[in-house]
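# Per-entry structural report
Chain residues, written in single-letter form:
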Amino acid sequence: MIQTEKEYNTIVERIEELIQNPDNIENQDAKGYVELNLLSDLVADYEVRHYPVKKPSLVEVVKLRMVEMGLNQKRLSELLGVSTSRVSEYLNGKSEPTLKVARDISVKLGIDASIVLGV
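The present account deals with the structure reproduced in this document.

Definitions and limits used
- Residues numbered from 1 in each chain as written.
- Predicted model: local features only at pLDDT ≥ 70, side-chain atom pairs only at ≥ 80, totals over all residues.
- Heavy atoms only, no water.
- Core = buried A, V, L, I, M, F, W, Y, C linked by side-chain atoms within 4.5 Å.
- Buried < 20%, exposed > 50% of the residue type's maximum accessible area, 1.4 Å probe, protein only.
- Helix = DSSP H or I, 4+ residues; strand = E, 2+ residues; numbered from the N terminus.
- Salt bridge = Lys/Arg side-chain N within 4 Å of Asp/Glu carboxyl O.

### Observations concerning the nonpolar core
V62, L76, I105, L109 and I111 are the most contacted members of the largest nonpolar core, which has 19 residues in total. Those elements that provide at least two residues to this core are α4 (58-69), α5 (73-80), α6 (84-91), α7 (99-109) and α8 (113-116). If you look at the next biggest cluster of nonpolar residues, it comprises nine residues, including I2, Y8, L18 and Y46.

Here it is, written out as structure tokens:
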């Protein structure tokens, strides 16, 4: 188990050295294959403990999806069947969507229901 940031940085440097040789990644018989996998697991465990990834908020996901789908607030309001001012409130975190609108956000924007419902 990695205990300190110094240990973490040293191991990350070693991983970077090991991945320079493609055999260490692809060939289970390569000398560095086992070492690379063990060190990678240690780094992954450390990162989960010290650099956890937070679930994105509904607002962040909706804004990203709007960009991906080329939607502006007016078009999103039409898609969801709500006013543009209501969409603005959702995007600014001033109000939460109703269950019906939340379902529409999930289905029409393809956003996982657990994100929409905040669970």
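### A short note on the pattern of salt bridges
What the rule picks out here adds up to seven salt bridges. Residues R14 and E17 are paired through a salt bridge, measuring 3.0 Å at the closest nitrogen-oxygen approach. Remark: E17 and R14 occur in helix α1 (residues 5-18); sequence separation between them is three residues, near one turn of the helix. A relative accessible area of 30% places R14 in the partly exposed class. With its nearest N and O atoms 2.8 Å apart, the salt bridge here joins R86 to E89. Here R86 pairs with E89, and both are found in helix α6, just three residues apart, close to one helical turn. Using a relative accessible area of 28% as the deciding quantity, one classes E89 as partly exposed. What emerges from the salt-bridge pattern is a single network uniting R14, E17 and E35.

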